[in-house]
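Fold and contact review
Okay, here's what each chain looks like letter by letter:
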Amino acid sequence: MSKQFEFAALPTTYKGHRFRSRIEARWAVFFDVLKIGYEYEPEGYRLGDGSLYLPDFMLPQMEAWYEVKGAPPTQEEVTKAKLLAAGTNRFVYIAFGNFSSGHPPFSFPQAVRFDPNGTLTGLYAWRMCGPACGFLGLTEIGRGAHLNCRPSSFLTDAYSAARGARFDGRP
């Protein structure tokens, strides 16, 4: 019989800011390397069902919420994301997966996206195109205007920096 283990979040300090978990701090490193502005837990919301919710990141340039999880989202997390999207009239991404050693798009964190109506719109991944295009953002996997663009190695560098970051003297 196999045992299931639940791991507690490990509060982590990065650049003087305390994150609730190591994975949140790794995303902050990723955003910093790519110079993507973010606000960490800027404010909480009362959702349409009356529950309280504190989103992980606001990405102001995208006017979107960015939630981070280690595993694919649970039904409860999906419900909260739908309510947050509808209640704030913003896209909500729930990113899951880890910063592995592979090269995007083959081994990378992915995200599901909910539109401001609370509708699931697909599976997304970060994309950074080379100098000819210059695009940086989230695109639907297997679709989009940037499929034929040459990817920039800076995205792989950002994943590597996030994966390799050391916090508080621990891995």
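Just so we're clear, the structure is a prediction, and the values are computed from it rather than from any experiment. (Residues numbered from 1 in each chain as written. Predicted model: local features only at pLDDT ≥ 70, side-chain atom pairs only at ≥ 80, totals over all residues. Heavy atoms only, no water.)

Turning to the overall build of the protein chain, a few remarks are in order. When helices and strands are tallied, the protein chain shows 3 helices and 11 strands. Along its sequence from the N terminus, the protein chain presents helices and strands in the succession β-β-α-β-β-β-β-β-α-β-β-β-β-α. Taking all 171 residues of the protein chain together, 42% fall into the buried category. Partitioning the intrachain contacts of the protein chain with sequence separation of at least 6 by distance along the chain shows that 46% fall at a separation of at least 24. Carbon and sulfur atoms provide 53% of the accessible area of the protein chain, an area that totals close to 9,800 Å². (Helix = DSSP H or I, 4+ residues; strand = E, 2+ residues; numbered from the N terminus. Buried < 20%, exposed > 50% of the residue type's maximum accessible area, 1.4 Å probe, protein only. Contact = heavy atoms within 4.5 Å. Areas by Shrake-Rupley, 256 points an atom, 1.4 Å probe, with all protein chains shown as cover.)

What follows concerns the nonpolar core. Counting 32 residues, the largest nonpolar core has Trp27, Phe30, Phe31, Phe57, Tyr66 and Trp126 as the members making the most contacts within it. Elements represented by at least two residues in this core include exactly helix H1 (22-33), strand E6 (57-59), strand E7 (64-68), strand E8 (91-96), strand E10 (120-128) and helix H3 (153-164). Looking at which element gives the most residues to this core, the answer is H1, with 6 residues. Beyond its immediate chain neighbours, meaning those up to four positions away, phenylalanine 30 contacts Phe99, Trp126, Leu155, Ala158, Tyr159 and Ala162. Judged by nonpolar contacts, the second largest core, of 13 residues, contains Trp65, Val78, Ala81 and Phe96. (Core = buried A, V, L, I, M, F, W, Y, C linked by side-chain atoms within 4.5 Å.)

Another point: the environment of glutamate 67. On the secondary structure map, glutamate 67 appears in strand E7. Once the C-alpha coordinates of glutamate 67 and valine 112 are considered, the two residues, 45 residues apart in sequence, prove to be 9.9 Å apart. The residues contacting glutamate 67, other than those within four sequence positions of it, are Tyr53, Leu54, Pro55, Asp56, Tyr93, Ile94 and Ala95.

Take the packing of H1 against H3 next. Where H1 meets H3, the closest approach of the two axes is 8 Å, and the angle between their N-to-C directions is 145°. Of the two possible hands of crossing, H1 and H3 adopt the one that is right-handed. Side by side, H1 and H3 meet where Arg26, Val29, Phe30 and Val33 of the first sit next to Leu155, Ala158, Tyr159, Ala161, Ala162, Arg163 and Gly164 of the second. Across the contact of H1 with H3, the residue classes tally to 8 nonpolar, 1 polar and 2 charged. (Axes fitted to C-alpha atoms, helices over the stretch in contact; angles between N-to-C directions. Left-handed = near helix turned anticlockwise from the far one by under 90°. Nonpolar A, V, L, I, M, F, W, Y, C, P; charged D, E, K, R; others polar.)

All right, on to H3 then. The terminal C-alpha atoms of H3 lie 16 Å apart, and with 12 residues this matches the ideal 16 Å at 1.5 Å per residue to within 8%. Three or more residues of H3 are buried, namely Leu155, Ala158, Tyr159 and Ala162. Each buried residue of H3 sits inside an arc of 95° when the element is viewed along its axis, so together they form one side. If you follow the buried residues of H3, they end up packed against H1 and E10. The residue sitting at the N-terminus of H3 and contributing the capping side-chain oxygen is serine 152; that oxygen lies 3.1 Å from the backbone nitrogen of phenylalanine 154. (Expected span 1.5 Å × (residues − 1). Arc of directions from axis to C-beta. Polar contact = N/O pair within 3.5 Å; in protein donor to acceptor, adjacent residues only side chain to side chain.)

Among the structural elements, serine 21 can be located in the loop between strand E2 (17-19) and H1. The exposure class assigned to serine 21 is buried, which follows from its relative accessible area of 11%. A distance of 3.2 Å separates a polar side-chain atom of serine 21 from the backbone nitrogen of glutamate 24. Look past the residues within four positions of serine 21 in its chain and what remains in contact with it is Ala9, Leu10, Pro11 and Thr12.

Moving on, we get to unusual backbone geometry. Here the phi dihedral of lysine 15 falls at roughly 50°; this positive angle occurs in a residue that is not glycine. Relative to the elements of secondary structure, lysine 15 occurs in the loop between strand E1 (12-14) and E2. The phi dihedral of glutamate 41 falls on the positive side, at around 40°, and the residue is not glycine. With respect to the secondary-structure elements, glutamate 41 resides in the loop between strand E3 (39-40) and strand E4 (45-46).

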